[in-house]
Amino acid sequence: MSDIRCRQIEKADIDAVAALLTRGFPSRGNEFWHHALDQLTRRDPPEGLPKYGYLLETSGAPVGVILLICAAMPADGTFAPRCNLSSWYVEPAFRAYAPMLVSQALRHKGVTYTNVSAAPHTWPIIEAQGFRRYSDGIFVALPALAFGGEKASVIDAKRPPAIDVDPFEQQTLTQHAAHGCISLWCATEDRAYPFVFRPRLVKGFMPCAQLIYCRDIADFGRFAGPIGRYLAKRGRPIVIVDANDPIPGIVGVFRRGSKPKYYKGPQRPRLGDLAYTEYAILGV
């Protein structure tokens, strides 16, 4: 088909893109996708990277879409671009053009790309595209039952601790709270440790929290008790953590091969860092 092309999504495309994503993911509904695209509208990506992502169109009508959530993340003493690929859908009649859409999304040099919610049938495809796993499972934890870690005060990010904090971490906590996450500081006498959690439902009915961001995954183990009791008091006794092994000292179940996370590019993401991904920003 000669008139098919791939280009960046623009604000004027939002209604059409929301309708296309609703056809691709009907369980979420048009209202969800309008809200998701509104969240991206509020964000400013690093220079040269797309605000929303890319679409395929023919005769002016979108027939394929891939959303990108782009941010500048700390790496080796500086900041490096990272893009989370999300919500990829192409109408059945145009699936042959899907590689064009993906290649356009992956064309930016020096960018680390992540795919954190790949469906099992797509794993061989994205591995053939050069993606590698950095997380091979999840740990379903009951951190409130951990009593051997360090003592600390858990403080809502709206009320910064009385000690100096890293400006990027403060910004990360504030921005994620605005997107509906639970952002908090775990403060000792001399230091404050950032944490972000996304409220979720296990199996669609059991309240839990998903770890979105921490400075180091070891920090979650150190402060599991006070964090777990803080979340349990707010109706979130279960915490889901990306992991490659069980977390010592925390009651829970490790599920290898469940919800693996992939990346492609120069910077391997840390466990415990899903900041500025579809889980955090879109609530997927």
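Residues numbered from 1 in each chain as written. Predicted model: local features only at pLDDT ≥ 70, side-chain atom pairs only at ≥ 80, totals over all residues. Heavy atoms only, no water.

Draft legend 1. Spatial organisation of the environment of Arg222. Inspection of the secondary structure puts Arg222 in helix H6 (residues 217–222). We classify Arg222 as partly exposed; its relative accessible area is 28%. Once the C-alpha coordinates of Arg222 and Phe147 are considered, the two residues, 75 residues apart in sequence, prove to be 10.0 Å apart. Not counting residues within four places of it along the chain, the set of residues in contact with Arg222 comprises Gly149, Glu150 and Tyr193. A polar contact is formed between the side chain of Arg222 and the side chain of Tyr193, at a distance of 3.3 Å. (Helix = DSSP H or I, 4+ residues; strand = E, 2+ residues; numbered from the N terminus. Buried < 20%, exposed > 50% of the residue type's maximum accessible area, 1.4 Å probe, protein only. Contact = heavy atoms within 4.5 Å. Polar contact = N/O pair within 3.5 Å; in protein donor to acceptor, adjacent residues only side chain to side chain.)

Draft legend 2. Summary view of helix H3 (residues 98–105). Within the span of H3, buried status applies to Ala98, Leu101, Val102 and Ala105. Buried positions in H3, seen along its axis, are confined to an arc of 95 degrees and lie on one side of it. At its buried positions, H3 is contacted by strand E1 (5–8), strand E2 (53–58), strand E3 (61–75), strand E4 (78–90) and strand E5 (112–115). (Arc of directions from axis to C-beta.)

Draft legend 3. Expanded view of the pairing of E5. Because side chains alternate across E5, one face comprises the buried residues Thr112 and Thr114, and the other comprises Tyr113 and Asn115, equally buried. As paired strands, E4 and E5 are joined by three bridges and run parallel to one another. Residue pairing for E5: Asn84 is matched across the bridge by Thr114. Handedness of the crossover is the feature at issue here: the chain leaves E4, passes through H3, returns alongside E5, and the resulting connection is right-handed. The pairing of E5 with strand E12 (residues 252–264) spans three bridges and is classified as antiparallel. Looking at E12, one finds that Thr114 is bridged to Tyr263. (Pairing = 2+ DSSP bridges. Right-handed = clockwise from strand over helix to strand, strands pointing away.)

Draft legend 4. Local environment of a nonpolar patch on the surface. A cluster of nonpolar side chains, Leu142, Leu145, Phe147 and Val251, forms an exposed patch at the surface whose accessible area comes to about 400 Å². Locating Val251 in the fold gives a position in the loop between strand E11 (238–243) and E12. Look at Val251 and you get partly exposed, because its relative accessible area is 41%. (Patch = residues over 30% accessible without salt bridge, like charges linked within 9 Å, V, L, I, M, F, W, Y side chains within 5 Å. Areas by Shrake-Rupley, 256 points an atom, 1.4 Å probe, with all protein chains shown as cover. Salt bridge = Lys/Arg side-chain N within 4 Å of Asp/Glu carboxyl O.)

Draft legend 5. Examining the packing of helix H1 (residues 14–24) against helix H2 (residues 29–41) more closely. Orientation of H1 relative to H2, taken along the N-to-C sense of each, is 130 degrees, at an axis distance of 9 Å. On the basis of the axis angle, H1 is oblique to H2. H1 and H2 meet at a crossing whose hand is right-handed. Across the interface between the two elements, Ile14, Asp15, Val17, Ala18, Ala19, Leu21 and Thr22 of H1 pack against Gly29, Asn30, Trp33, His34, Leu37 and Thr41 of H2. (Axes fitted to C-alpha atoms, helices over the stretch in contact; angles between N-to-C directions. Parallel < 35°, antiparallel > 145°, perpendicular 65-115°, else oblique. Left-handed = near helix turned anticlockwise from the far one by under 90°.)

Draft legend 6. Highlighting the nonpolar core. Core analysis: the biggest nonpolar cluster contains 41 residues, and Leu37, Leu40, Val65, Leu67 and Leu282 have the highest contact counts within it. At the level of elements, H1, H2, E3, helix H5 (167–178), strand E8 (182–187), strand E9 (192–202), strand E10 (206–214) and helix H8 (278–281) are the ones that each hand at least two residues to this core. Look past the residues within four positions of Leu40 in its chain and what remains in contact with it is Lys51, Tyr52, Leu67, Ile69, Ile281 and Leu282. (Core = buried A, V, L, I, M, F, W, Y, C linked by side-chain atoms within 4.5 Å.)

Draft legend 7. Main features of the pattern of salt bridges. One pass over the structure, following the stated rule, counts 14 salt bridges. Put simply, Arg256 and Asp245 hold a salt bridge, and the shortest N to O gap is 3.5 Å. Residue Arg256 is found in strand E12, and its partner Asp245 is found in the loop between E11 and E12; the two are separated by eleven residues along the sequence. For Asp245, a relative accessible area of 46% gives the class partly exposed. Through salt bridges with shared partners, a single network forms among Glu127, Arg133, Asp136, Asp245 and Arg256.

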